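Working through the structure, step by step
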Amino acid sequence: MQTKLVKIKDSENIKDEELSEAARILREGGLVAFPTETVYGLGANALNEDAAKKIYAAKGRPSDNPLIAHISCMEELEPLVAEIPEAGRKLAEAYWPGPLTMVFPKSSIVPYGTTGGLDTVAVRMPKDPVANRLIALAGVPVAAPSANTSGRPSPTTAQHVWQDMEGKIEMILDGGPVGIGVESTIVDVSGPVPTLLRPGAVTMEMLRATVGEVETDPALLGPPGADFRPKAPGMKYRHYAPHAELTLLEGPLEAVVGRINFLAKEKLGQKYRVGVICTDETRDRYRYGEIRSVGQRAHEETIAHNLFAVLREFDDLDVDYIYSESFSKDHLGQAIMNRLTKAAGYHIMKVQ
Ligand code: TXA
Ligand code: MG
């Protein structure tokens, strides 16, 4: 299949003509990758099981891993869900459109092929103007996982999508680099207490400020064990994984810098390729390997924004070992550390 790459001229001033072919492809059961404010998504008609199957095939994704249905406005929520619990209504008011996905009991029109066999459906209303207008024009809810090959870091530019999806899907809409850079927060509002299933830019602190009590899915707290059954099935897979072995170093920054320099030098001596993930604040203190700053500690949103691109760059450089600094687990740091910990396959080294 020939993949068409369509550049959006000005995301703040989109013309419907620019999106009409993409909307038609979606309506007719094809696949279109598009920008959202979090990461690029790989879209298909969420009500069409055959279209959903194509997503799993293009990504190489296990079909028990459910898809998020994307909508453009509140009126499009009701047909998809059996009920809208109070917490869901409040969170929608506060954070939609935006980087928040909520899990609701599903209605009968949502096929099990989209929900991976679950009786719930995850719904998100993206704010990105290209995503939002595309969904409105398609006239159907759009199932969209991140537009990467399963297991690779999520794409934050159209070029990342091209690397993974060229020849496998009908169209890629290029709206430039995304804003946030990590996937949406997922909250299950189908039970008595809202539960955080995946941290994102709508932080735990923000959720609690809106609805009070919010629980954390135990799966977020540690590595997968034998009886590991996260509520978001996708969280059990080794996501975001670079080809290299990634080690996350935790401890006082001074000690972390020293140990990374030591380990990087040692691996270089053994003729391996080494990547170092650091920050603007520490960049000058590293001496060995391919050194990449992910952003500024003082502005964690810059770190979220660059993280996946840096992991992909290390793949392109064929690095064997990556050593990374770690970050606070508060606010947006929770999402950053969640992605890094998973990219590291829970390989964490504590230093003092
Ligand atoms: O930011 C995002 O959410 C991006 C953009 C494209 O919107 N999408 C995204 O989709 O990250 P994906 O498929 O890569 O991740 C969706 C996650 C998976 O971990 C999946 O298991 C979980 O959402 N999920 C989907 N439906 C669910 C449900 N009914 N119950 C629990 N978890 C669900
Ligand atoms: Mg994904």
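Now for a description of the structure that goes with this document. (Residues numbered from 1 in each chain as written. Chains lettered and ligands numbered in written order. Predicted model: local features only at pLDDT ≥ 70, side-chain atom pairs only at ≥ 80, totals over all residues. Heavy atoms only, no water.)

1. Concerning the nonpolar core
Grouped together as the largest cluster of nonpolar side chains are 54 residues, with contacts concentrated most on Leu-42, Leu-91, Trp-96, Leu-100, Phe-104, Val-123 and Leu-207. The next biggest cluster of nonpolar side chains, apart from the first, holds 25 residues, and it includes Tyr-240, Ile-322, Ile-336 and Leu-340. (Core = buried A, V, L, I, M, F, W, Y, C linked by side-chain atoms within 4.5 Å. Buried < 20%, exposed > 50% of the residue type's maximum accessible area, 1.4 Å probe, protein only.)

2. Topic: the site of ligand 1
Close to ligand 1 lie 28 residues; Thr-38, Asn-65, His-70, Ser-184 and Gly-234 are nearest. Separating an oxygen atom of ligand 1 from a side-chain N or O atom of Thr-38 is a distance of 2.6 Å. Contact with the protein chains hides 98% of the accessible area of ligand 1, taken as 680 Å² for the molecule alone. Within the residue set of the shell around ligand 1, elements represented by two or more residues are β4 (68-70), β6 (120-124) and β10 (195-198). (Near = heavy atom within 4 Å. Polar contact = N/O pair within 3.5 Å; in protein donor to acceptor, adjacent residues only side chain to side chain. Areas by Shrake-Rupley, 256 points an atom, 1.4 Å probe, with all protein chains shown as cover. Helix = DSSP H or I, 4+ residues; strand = E, 2+ residues; numbered from the N terminus.)

3. Topic: the sheet that holds strand β1 (residues 4-7)
Adjacent strands of a sheet form backbone hydrogen bonds with each other and so pair up, either parallel or antiparallel. With mixed pairing, the 11 strands of this open sheet are ordered in space as β1-β8-β2-β3-β7-β4-β6-β5-β9-β10-β11. Each end of this open sheet is capped by a strand with a single partner; those strands are β1 and β11 (215-216). As defined by bridge partners, strand β5 (residues 100-105) adjoins strand β9 (residues 185-188) across four bridges and the pair is classed as parallel. Note that in β9 the partner of Leu-100 across the bridge is Thr-185. Across the sheet, helix α2 (residues 49-59) is in contact with β3 (41-45) and β7 (142-143); its angle to β3 comes to roughly 155°. (Pairing = 2+ DSSP bridges. Contact = heavy atoms within 4.5 Å. Axes fitted to C-alpha atoms, helices over the stretch in contact; angles between N-to-C directions.)

4. Concerning the packing of aromatic side chains
By the definition in use, this model includes one aromatic pair. Aromatic side chains Tyr-272 and Tyr-321 sit 5.1 Å apart centroid to centroid with 80° between the ring planes, which places their arrangement in the edge-to-face category. Placement of Tyr-272 in the loop between α8 (253-269) and β13 (274-278) and of Tyr-321 in strand β15 (residues 321-325) is noted, with a sequence separation of 49 residues between them. Over the face of the ring belonging to Tyr-112 we find Lys-106, whose NZ or CZ atom lies 4.4 Å from the ring centre. Stacked on the ring of Tyr-321, the Lys or Arg Lys-267 has its end atom at 4.4 Å from the ring centre. (Phe/Tyr/Trp six-rings, centres within 6.5 Å; stacked < 30°, edge-to-face > 60°. Lys NZ or Arg CZ within 6 Å of the ring centre and 35° of its normal.)

5. What to know about helix α10 (residues 332-343)
In this model, α10 (12 residues) spans 17 Å end to end at C-alpha, consistent with the 16 Å of a helix rising 1.5 Å per residue. Taking burial as the measure, the 12 residues of α10 include 11 buried ones, the bulk of the element. Those residues of α10 that are buried are in contact with β10, β12 (245-250), α9 (300-316), β15 and β16 (348-350). Two residues or fewer after α10 comes Gly-345, characterised by a positive phi angle close to 55°. (Expected span 1.5 Å × (residues − 1).)

6. Focus on the side chain of Asn-148
Looking at the secondary structure, you find Asn-148 in the loop between β7 and α6 (158-165). Residue class for Asn-148 comes out buried when judged on its relative accessible area of 3%. Of the polar contacts made by the side chain of Asn-148, one reaches the side chain of Ser-146; its length is 2.6 Å. In this structure the side chain of Asn-148 is engaged in a polar contact, spanning 3.0 Å, whose partner is the backbone oxygen of Arg-152. Ignoring anything within four residues of it in the chain, the contact list for Asn-148 reads Lys-59, Pro-153, Ser-154, Pro-155, Asp-164, Met-165 and Arg-312.

7. Remarks on the environment of Leu-5
Here Leu-5 lies in strand β1. The sequence separation of Leu-5 and Asp-174 amounts to 169 residues, and the corresponding C-alpha distance is 7.0 Å. When near neighbours in sequence (up to four residues on either side) are disregarded, Leu-5 contacts Trp-162, Ile-172 and Asp-174.

8. A look at the environment of Lys-4
One can find Lys-4 in strand β1. Residue class for Lys-4 comes out partly exposed when judged on its relative accessible area of 42%. Distance from Lys-4 to Val-121, taken between C-alpha atoms, is 30 Å for residues 117 residues apart in sequence. Lys-4 has contacts with Glu-21, Glu-170, Met-171 and Ile-172, leaving out every residue within four places of it along the chain. A polar side-chain atom of Lys-4 sits 2.8 Å from a polar atom in the side chain of Glu-21.

9. Topic: the sheet that holds β16
Strands sit in the order β14-β13-β15-β12-β16 across an open sheet of five strands; the sheet is parallel. Across the chains shown, the open sheet's two edge strands, defined by having one partner strand only, are β14 (290-293) and β16. Averaged over neighbouring strand pairs, the angle between their axes works out to 20° when direction is ignored. Across four bridges, β13 lies against β14 in parallel orientation. Residue pairing in the sheet places Ile-277 in a bridge with Arg-292 of β14.

10. Here's the deal with unusual backbone geometry
Note the cis peptide between Trp-96 and Pro-97, where omega equals -10°. For Pro-97, the location among the structural elements is in the loop between α3 (86-95) and β5. In this model, Lys-271 sits at a positive phi of 70°, which is unusual for a non-glycine residue. Its identity as a non-glycine residue notwithstanding, Tyr-346 has a phi of 65°, on the positive side.

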